[in-house]
Amino acid sequence: MSGIIQLLPDHVANQIAAGEVVQRPASVVKELLENAVDAKASDIKLIVKEAGKTLVQVIDNGLGMNTTDARLCFERHATSKIRQAEDLFDLHTKGFRGEALASIAAIAHVEMKTKQDQEELGNHIVIEGSKLTTQEVAVLPKGTSFAVKNLFFNIPARRNFLKSETVEFRHVLDEFQRVALAHPSVSFTLIHNGSELYNLPGSNMRQRIVAIFGGKTNEKLVPVSEDTDLIKINGFVGKPEFAKKSRGEQFFFVNDRYIKSPYLHHAIMSAFEGLLKEGNQPSYFLYLQVPPHTIDINIHPTKTEIKFDDEHSLYAILRSAVKHSLGQFNVAPILDFERDSNLDTPYQYKDKTADFPTIQVDAGFNPFAADKPSKSLSSFGSYRKEAPQGNWESLYVGLKQDTEEIASFSFESTEVTGSLFEEEAPETTVHATYQIHKKYIVSAIKSGMLVLDQGRAHQRVLYEQFLTNITIQKASSQQLLFPLELYFSADEMHILREMQPTLENTGFVFDGFTTDAVQISGLPILMVDSEVSIVLEEIINNIQNEIPESSFSQSDTIAKSMAKSLAVKTGTYLTDKEQENLVNSLFACKEPTISPFQKPTFITFTVEDLDKRFAL
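About the thresholds
- Residues numbered from 1 in each chain as written.
- Predicted model: local features only at pLDDT ≥ 70, side-chain atom pairs only at ≥ 80, totals over all residues.
- Heavy atoms only, no water.
- Helix = DSSP H or I, 4+ residues; strand = E, 2+ residues; numbered from the N terminus.
- Buried < 20%, exposed > 50% of the residue type's maximum accessible area, 1.4 Å probe, protein only.
- Contact = heavy atoms within 4.5 Å.
- Areas by Shrake-Rupley, 256 points an atom, 1.4 Å probe, with all protein chains shown as cover.
- Salt bridge = Lys/Arg side-chain N within 4 Å of Asp/Glu carboxyl O.
- Patch = residues over 30% accessible without salt bridge, like charges linked within 9 Å, V, L, I, M, F, W, Y side chains within 5 Å.
- pLDDT = per-residue confidence, 0-100.

Draft legend 1. Structural detail: the overall build of the protein. For the protein, the count of helices and strands is 15 helices and 22 strands. Put simply, the protein has 616 residues, and 41% of those count as buried. Residue pairs in contact within the protein that sit at least 24 positions apart in sequence constitute 68% of those at least 6 positions apart. Accessible area of the protein: about 37,600 Å², with a carbon and sulfur share of 53%.

Laid out in structure tokens, this is it:
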């Protein structure tokens, strides 16, 4: 019997490997940006079209490659980063496996232009699906340019699994921000569909954070610094009052490499214990430097998970460093909230002795003594001037005495025989609904009893109302006396501009947009100004992560987000009129049985069900 095991061809093996390395266009962006950083580039430009589905191009001014390296870099396990197995525990570069370019070339059209500084001519290589199409010399500037076109052109099933352009570009943006934050000294530029979103010059750590997340971020940052034998920590944490519901602004960098670590995240959360509202997440940008031999990076293809030798010590050091910074900069509360710093004892007075006061007092004075104090006390002087006391009867001296007998006056007396209003029996109000635990509303129906969840019911009512306003008729607005100015990052402002027509139909009125701020002069009728930033942040977060690419779905997501944010919450007292109005409004909806998030809004108990409960 012949053998059934055989070696796979190289192009098949590369496509299988590409499934691990390249999951979406953002994976290509990550690999190419990290290669540009490893090439010691000082200026990196990322050009993206259709969220990377059509084009991902990275241009750098790094070292470049000669003719041999330019062809060899597309082979599997070909790398300039390591030479032997021991180098895996002394890594100072982003890449080290030598799989990225081979995997990308297997599933896309790749065009590479590269030139070294000392060479006169560079190399121009075109590869389509692992097949070399063109290799020729060309006049090129110093550095390397990688253009990846038509991703997954030969694996249509993988291309069909990609999300919408909005979601995919969000992942591309995440990878760009991570690499840009890890290397603030390098200049980065991002161009998407011909429009420049970011132009980040080389700067320091704080300036890079502010350039990416907006100018308002500067006042939110609290510096963190700690230097020990095990770890060196630098970076910033956000002030507790600026915490958000989402976890978008949370970054760990270990040896200039972005990582995800739930264990270290828990250390940050424990340092903020007692300072955050329930459900809020703090912002942090923390750069950790550890000896390379104490970590293992080669445990996941994306290299975002790292194994530490001594995690418990790192946890304790990180927690104490963050807690110390929050206290040092008076972010954490102290016992005396009304303390006046002017009353603090100056440091130079700490060795001085206290002086006794020179005031003289009468030690024998008794304010409760029956007798008046002796004249000897007059030597201390009187602090109160005696006011002349007069007789109270003198107030009435000289008044004219005009008195007449009241009995001499006569009044017209007419008996009232009729009534202006018809007398009716007082109306007795019957409670049709009752509120239980400020969460449920109970109402009687013909077949028994109905129990309604007030939060979910109000969500359904608001959801259909907002959806009607967005798709059919524009909602009315309440004008603000003073316009609101809210600050967002560049990518969030890009999403707000796209959603402006839809939000205006719900009742928002926008006065103007800047690079990192938006002015709002009108709000939907049910919204208060303190909830605007929360609602918009939730809408932006849902747009970035969930929705497909259709206008109805975008409208649907906005309506859901606003309904969830503005609906009445558990613990809110409702009057009888409000309870009755909520019940009537719910059953006037097209789909009253479920909330916008597919959860039941009410349950019913029939008389038979109640009889069974009481049956012996």
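Draft legend 2. Expanded view of the pattern of salt bridges. Counting across every chain of the model gives 11 salt bridges. With a closest N to O distance of 3.6 Å, Arg-71 and Glu-75 form a salt bridge. For Lys-149, the salt bridge goes to Glu-111, with nearest N and O atoms at 3.4 Å. Taken together, the positions of Lys-149 in strand S6 (residues 143-149) and Glu-111 in strand S3 (residues 109-115) put the pair 38 residues apart, joining distant regions of the chain. Here Lys-149 falls in the partly exposed class, since its relative accessible area comes to 34%. The network of salt bridges with shared partners includes Glu-111, Lys-113 and Lys-149.

Draft legend 3. Geometry of a nonpolar patch on the surface. On the surface, a nonpolar cluster with roughly 320 Å² of combined accessible area is contributed by Leu-121, Val-137 and Val-139. Looking at the element boundaries, Val-137 is found in strand S5 (residues 131-138). On the accessibility criterion, Val-137 (58% relative accessible area) is exposed.

Draft legend 4. Inspection of the confidence of the model for the protein at higher detail. Across the protein, pLDDT averages 79, with 77% of residues at or above 70. The low-confidence segment residues 548-552, where pLDDT is below 50, has four contacts with residues more than four positions distant or belonging to other chains.

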